[in-house]
Amino acid sequence: MIAAAIAFYVFATMAVIGGLNVIFQRNPVHSVLWLILTFFNAAGLFVILGAEFVAMILVVVYVGAVAVLFLFVVMMLDINITVIREGIHKYVWAGLLVGGVLLAELVTVFTSWVMFDDAASLSTAPTPDPNVITNTEALGNILYTDYVYLFQAAGIILLVAMIGSIVLTYRTRTGVRKQVIADQVARRPSDTLEMVKVESGKGLQ
Amino acid sequence: MTQMPNLVPAYAEIFLALSGLLLLMVGVFRKTDPVRGVARLAILAFSVAGVLVLTTNAVAVTTFSGMFAVNAFTSFAKLLVLLGGGFAVFLMLPWAKNEGIARFELPVVMVFAVLGMMMMISANDLISLYVGLELQSLSLYVLAAFHRGNLRATEAGVKYFILGALASGLLLYGSSLIYGFAGTTSFVGLASALSSAQENVGVIVGMVFVISGLAFKISAVPFHMWTPDVYEGSPTPVTAFFSVAPKIAALCLFLRILVGPFDDLMFQWRQVLIVICVASMLWGAVAAIAQSNIKRLMAYSSIGHVGYALIGLVAATPEGARGMIYYMLIYLFMNVGTFAVILSMRVKDRYVEGVNDLSGLSKTNPAIALALTVLMFSMAGIPPLAGFFGKYFVFVAAINAGLIPLAVIGVLSSVIGAYYYLRLIKIMYFDEAGEGLDKPDLSTGVVMGVCALAVVVFILVPEPMLAGADAAAAALFQG
């Protein structure tokens with residue numbers, strides 16, 4: 001038990017430190033690296049909760065794909081952080097006000113937190129006993145059965161996202177020479193070569 | 001083994017999803033005029049989906065493990081959304097011919113947006129609500145930024161996207177608080193948890209977050225900042241779409257969620273909604289006065305109309321719900337008609353959007369001027385026209401629910417709002433004639449005529465139009 005507690009505090013502390021550094025780093029590339037550290041620690045927290053599938057997904061998707069994409073974008077765009085920070089003094093009070101209100105709200109909510117007595121019985125898909133069935137298997141059992149509607153809907157959302165990004169960025173450019181392999185393969189000697197018998201003593205006209 | 005879910009209630013959605021995929025292929029492989037070809041097929045898809053909604057309308061059922069509910073109310077709301085979507089695509093046909101920026105993805109994305117709206121309306125679980133909402137929103141972000149070479153469109157798209165993502169975040173955060181209390185996300189489970197449990201700060205905060213997220217989607221004050229920019233930056237047929245379909249869908253969802261799972265917290269949400277409602281009515285009326293772009297004007301007008309429709313929701317009685325449904329039905333026709341007029345504002349083959357481009361229209365093109373006059377009188381709520389009855393029903397519902405101050409504010413703000421509707425009429429009839437508009441396209445003229453006629457004859461034949469709305473409101477309060 002004590003090991004779990006220690007692990008929790010280590011992961012939680014590191015996640016908070018990582019999160020703060022994401023905001024306060026001057027170099028955006030460093031921010032992204034700290035973000036990756038935060039993701040790893042969040043994954044650790046999920047493992048402690050017994051949700052190893054979510055933990056692995058977090059590492060694979062967020063660290064492996066999203067954060068790497070962030071890195072690419074940050075490196076490709078020339079982000080000048082000092083320019084972004086120029087107007088910050090004007091907005092800092094408004095930001096602090098909103099943040100303060102939100103913090104007060106959160107404190108109120110979590111200090112007076114109760115859970116509905118029958119909450120456990122209402123749950124649509126209660127967490128099964130990890131000794132009987134693994135987390136991943138349990139998710140697989142409901143994802144394509146009870147939750148098939150959401151699964152399909154999520155697929156359509158991704159399709160719309162794909163159509164949208166293509167519509168908003170794709171341009172047909174003229175004057176670009178592209179390799180058309182079919183044309184190259186279909187090319188025959190007779191299309192381009194002409195065999196000429198050259199008589200001796202005469203050149204080609 | 002788990003059983004195959006009952007697909008019959010969701011036939012319309014499944015059909016629309018499949019036809020969206022099919023239309024995408026048609027658009028890619030069709031060589032001649034793909035935009036209008038796909039747009040025509042999209043209208044066909046909307047019509048077939050409407051028939052499917054009507055045929056699966058019989059009884060209230062849920063399916064997909066209780067995540068998807070169908071009853072008379074959802075069917076009626078879906079028909080309204082499909083009608084709005086169909087009108088918008090129909091208005092797109094002549095526009096696509098005249099304007100070079102149209103591409104076949106436009107109607108395809110609109111089909112998916114309508115699918116998202118129908119999923120929202122039928123949502124019976126916080127997760128399916130969010131999924132439907134997100135499908136709708138994502139499609140709308142794309143539509144808003146569609147005119148990508150245009151600075152305003154890009155600004156509109158980015159603004160809408162960032163604020164919309166924030167609103168979705170609020171909604172999700174609120175949902176997580178509610179889930180944390182009740183241990184379930186299904187509307188049925190939430191209703192029983194919230195009715196038997198004591199009031200709890202966490203749930204109330206969560207509910208307010210959910211309300212904020214939804215208020216953003218219907219562009220109610222104070223979550224309306226994106227509306228004028230998005231209306232101005234989007235292509236006009238898309239603006240017509242924006243002004244009807246998503247609003248109807250989100251308002252119906254609002255109604256379903258507040259009188260469903262959150263019914264027992266009515267005392268709490270009523271206060272929040274009264275503020276939103278009053279602010280929308282007043283700001284919609286006042287801010288529109290200074291607008292010179294007719295699409296921005298319509299944005300503020302729609303903000304005001306959302307305020308009036310919300311009165312029916314605040315009343316929280318079957319009568320109020322009925323009033324709100326009437327209001328949306330009438331609003332659909334008024335708004336589509338007005339956008340048909342805006343789409344016929346062309347001077348020398350170029351679309352114009354200035355209010356002053358209408359000057360002297362009664363002399364240069366009396367038919368359009370007459371149609372717009374009827375529509376504007378109706379929007380202002382002048383008695384024999386449909387718009388008056390829309391307002392009348394919600395105000396009466398508010399008075400019967402004991403909300404007399406709210407009704408008084410509603411009447412006052414509609415008087416203020418009448419100013420800018422009447423100003424358009426004054427510009428058309430009493431100002432010096434300008435260059436005059438080009439002859440409108442046939443289909444634009446047809447939509448304009450149908451909508452103006454619907455607004456005029458409403459008083460003669462209200463029963464057939466309202467019978468469906470009555471059944472819908474009754475179904476909502478049954479359970």
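This write-up is about the structure you can find in this document. (Residues numbered from 1 in each chain as written. Chains lettered and ligands numbered in written order. Predicted model: local features only at pLDDT ≥ 70, side-chain atom pairs only at ≥ 80, totals over all residues. Heavy atoms only, no water.)

1. Brief notes about the packing of helix α13 (residues 318-343) of chain B against helix α18 (residues 442-457) of chain B
Residues and elements named next belong to chain B. Contact geometry for α13 and α18: axes closest at 8 Å, N-to-C directions at 145°. Seen along the crossing, α13 lies across α18 with a hand that is left-handed. Taking contact as the criterion, the partners of Phe333, Met334, Val336, Gly337, Ala340, Val341 and Leu343 in α13 are, on α18, Thr444, Val447, Met448, Cys451, Ala454 and Val455. Residues that form the contact of α13 with α18 fall into these classes: 11 nonpolar, two polar and no charged. (Axes fitted to C-alpha atoms, helices over the stretch in contact; angles between N-to-C directions. Helix = DSSP H or I, 4+ residues; strand = E, 2+ residues; numbered from the N terminus. Left-handed = near helix turned anticlockwise from the far one by under 90°. Contact = heavy atoms within 4.5 Å. Nonpolar A, V, L, I, M, F, W, Y, C, P; charged D, E, K, R; others polar.)

2. Thoughts on the side chain of Ser301 of chain B
Mapped onto the elements, Ser301 of chain B comes out in helix α12 (residues 294-315). Setting aside residues up to four positions removed in sequence, Ser301 of chain B forms contacts with Met379, Tyr420 and Tyr421 of chain B.

3. Some details on the environment of Ile382 of chain B
Residues and elements named next belong to chain B. Residue position: Ile382 is located in the loop between α15 (366-380) and α16 (386-400). The class of Ile382 is partly exposed, set by a relative accessible area of 30%. Taking C-alpha positions, Ile382 is 8.9 Å from Ala418, a pair spaced 36 residues apart along the chain. In contact with Ile382, other than residues within four places in its own chain, are Phe377 and Phe388. (Buried < 20%, exposed > 50% of the residue type's maximum accessible area, 1.4 Å probe, protein only.)

4. Brief notes about the nonpolar core
Of all hydrophobic cores here, the largest spans 203 residues; its most connected members are Leu16 and Phe241 of chain B. Ranked by the residues each element gives to this core, the list is headed by α13 of chain B, at 18 residues. Among residues more than four places away in sequence, those in contact with Leu16 of chain B are Ala45, Phe46, Ala49, Leu82, Val111, Val114, Leu115 and Met118 of chain B. Formed by five residues, the second largest nonpolar core is a distinct cluster that contains Leu35, Ile36, Phe39 and Ala67 of chain A. (Core = buried A, V, L, I, M, F, W, Y, C linked by side-chain atoms within 4.5 Å.)

5. Observations concerning the interface of chain B and chain A
Residue-level contacts link 44 residues of chain B with 36 residues of chain A. Roughly 3300 Å² is buried in total at the junction of chain B and chain A, and carbon and sulfur atoms are behind 75% of that figure. It is Met67, Arg148 and Phe181 of chain B that lose the most area in chain B upon contact with chain A, and together they represent 16% of the buried surface on that side. Counting the contacts that link chain B with chain A gives zero salt bridges. In this structure, the connection of chain B to chain A is made through four residue pairs in polar contact (both at pLDDT 80 or more). (Buried area = accessible area lost by both parts, 1.4 Å probe. Salt bridge = Lys/Arg side-chain N within 4 Å of Asp/Glu carboxyl O. Polar contact = N/O pair within 3.5 Å; in protein donor to acceptor, adjacent residues only side chain to side chain.)

6. Here's the deal with the packing of aromatic side chains
All names here are of chain B. Counting across every chain of the model gives 22 aromatic pairs over all chains. Among the aromatic side chains, those forming a connected cluster through ring pairs are Tyr141, Tyr160, Phe161, Phe216, Trp226 and Phe242. The lysine or arginine in question, Arg346, covers the ring of Tyr351, its NZ or CZ lying 4.8 Å from the ring centre. Taking NZ or CZ as reference, Lys391 lies 4.7 Å from the ring centre of Tyr308, over its face. (Phe/Tyr/Trp six-rings, centres within 6.5 Å; stacked < 30°, edge-to-face > 60°. Lys NZ or Arg CZ within 6 Å of the ring centre and 35° of its normal.)

7. Examining the packing of helix α6 (residues 151-182) of chain B against helix α8 (residues 201-217) of chain B
Any two packed helices are characterised by how steeply their axes cross, that is the angle between the axes, and by the distance between the axes. Residues and elements named next belong to chain B. Contact geometry of α6 with α8 gives a least axis separation of 7 Å together with a crossing angle of 155°. As judged from the angle between their axes, α6 and α8 are roughly antiparallel. For the crossing formed where α6 meets α8, the hand is left-handed. Split into classes, the residues belonging to the contact of α6 with α8 amount to 16 nonpolar, eight polar and one charged. (Parallel < 35°, antiparallel > 145°, perpendicular 65-115°, else oblique.)

8. Description of the state of the cysteines
Residue and element names in this part refer to chain B. If you walk through the whole model with that rule in mind, you get zero disulfides over all chains. For the unlinked cysteine Cys252, the closest cysteine sulfur is that of Cys277, found at 16 Å. For Cys252, a relative accessible area of 2% translates into the label buried. Residue classification places Cys277 among the buried positions, given a relative accessible area of 0%. (Disulfide = S-S within 2.5 Å.)

9. Looking at unusual backbone geometry
Among all residues save glycine, negative phi is the norm, and among peptide bonds the norm is trans. Residues and elements named next belong to chain B. Along the chain, Val221 connects to Pro222 via a cis peptide bond; the corresponding omega equals 5°. Topologically, Pro222 is positioned in the loop between α8 and α9 (226-233). Positive phi, close to 55°, is recorded for Ser219, a residue that is not glycine. One can find Ser219 in the loop between α8 and α9. Judged by relative accessible area, Ser219 falls into the buried class, the value being 0%. Positive phi, close to 55°, is recorded for Ala316, a residue that is not glycine. Of the residues examined, Ala316 reaches a relative accessible area of 17% and is grouped as buried.

10. Observations concerning a nonpolar patch on the surface
Residue and element names in this part refer to chain A. Where nonpolar side chains cluster on the molecular surface, the patch consists of Val68, Leu69, Phe72, Val73, Met76, Leu77, Ile79 and Ile84 and spans about 780 Å² of accessible area. At five residues, the largest contribution of residues to the nonpolar patch is made by helix α3 (residues 52-76). Among the structural elements, Ile84 can be located in helix α4 (residues 81-84). The class of Ile84 is exposed, set by a relative accessible area of 56%. (Patch = residues over 30% accessible without salt bridge, like charges linked within 9 Å, V, L, I, M, F, W, Y side chains within 5 Å. Areas by Shrake-Rupley, 256 points an atom, 1.4 Å probe, with all protein chains shown as cover.)

11. Here's the deal with the environment of Ile157 of chain A
The residue Ile157 of chain A is located in helix α8 (residues 148-169) in this model. In contact with Ile157 of chain A, other than residues within four places in its own chain, are Val131, Glu134, Leu135 and Leu138 of chain B.

12. A word on the side chain of Arg270 of chain B
Residues and elements named next belong to chain B. Along the chain, Arg270 turns up in helix α11 (residues 266-287). Asp263 provides the closest opposite charge to the buried, salt-bridge-free Arg270, at an N-O distance of 9.4 Å. The residues touching Arg270, leaving out its near neighbours within four places in the chain, are Val314, Ala315, Ala401 and Leu403. (Lys, Arg positive; Asp, Glu negative; His and termini not counted.)

Function cannot be inferred from these measures alone, as they are strictly geometric.
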